[in-house]
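Below are the chains, spelled out letter by letter.
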Amino acid sequence: MGTLGTAVLTYAAARRQAQDAGVMEHGHWLRERRHERYIAFLDGLGAWGTALDQVWDPLGNYRRDLPQAGQPCRPRLVR
């Protein structure tokens, strides 16, 4: 094969290794960004929960008229 063939194969292998490392690094970077966005989303849900509590708490007993999770909603007939 010779020296030239070995040099070409070495060059191709090094180039492929660098390309693979770049793909892996980019994937890691994307996962980090996704994780940060998920944490921000969860923080936002906490703020929504606080806001909903501030709205629902003054309603008091009206909340018990709402169907619980898993129960069908039965509309009342108004006459």
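From a predicted model like this one, the values you see are computed outputs, not experimental measurements. (Residues numbered from 1 in each chain as written. Predicted model: local features only at pLDDT ≥ 70, side-chain atom pairs only at ≥ 80, totals over all residues. Heavy atoms only, no water.)

**Student:** Report on the overall build of the protein chain, specifying residues and quantitative values.
**Tutor:** The helix and strand inventory of the protein chain stands at one helix and zero strands. Split into buried and exposed, the 79 residues of the protein chain put 3% on the buried side. Carbon and sulfur atoms make up 61% of the accessible area of the protein chain, which amounts to about 7800 Å² in all. (Helix = DSSP H or I, 4+ residues; strand = E, 2+ residues; numbered from the N terminus. Buried < 20%, exposed > 50% of the residue type's maximum accessible area, 1.4 Å probe, protein only. Areas by Shrake-Rupley, 256 points an atom, 1.4 Å probe, with all protein chains shown as cover.)

**Student:** Explain the pattern of salt bridges to me, and be specific about the residues and the numbers.
**Tutor:** Taken as a whole, this structure holds three salt bridges when the rule is applied. Residue glutamate 32 is joined to arginine 33 by a salt bridge in which the shortest nitrogen-to-oxygen separation is 3.7 Å. Judged by relative accessible area, arginine 33 falls into the partly exposed class, the value being 27%. Taking the shortest distance from any N to any O, the salt bridge between arginine 33 and glutamate 36 comes out at 3.1 Å. Of the two residues, arginine 33 and glutamate 36 both sit in helix H1 (residues 2-56), three residues apart, roughly one turn of that helix. Taking the relative accessible area as the measure of exposure, glutamate 36 reaches 41% and is therefore partly exposed. If you follow the salt bridges from partner to partner, you end up with Glu32, Arg33 and Glu36 in one network. (Salt bridge = Lys/Arg side-chain N within 4 Å of Asp/Glu carboxyl O.)

**Student:** So what's going on with a nonpolar patch on the surface? Which residues, and what values?
**Tutor:** On the surface, Tyr38, Ile39, Phe41, Leu42 and Leu45 cluster together into a nonpolar patch covering about 480 Å² of accessible area. Structurally, isoleucine 39 is set in helix H1. By relative accessible area, which is 37% here, isoleucine 39 ends up partly exposed. (Patch = residues over 30% accessible without salt bridge, like charges linked within 9 Å, V, L, I, M, F, W, Y side chains within 5 Å.)

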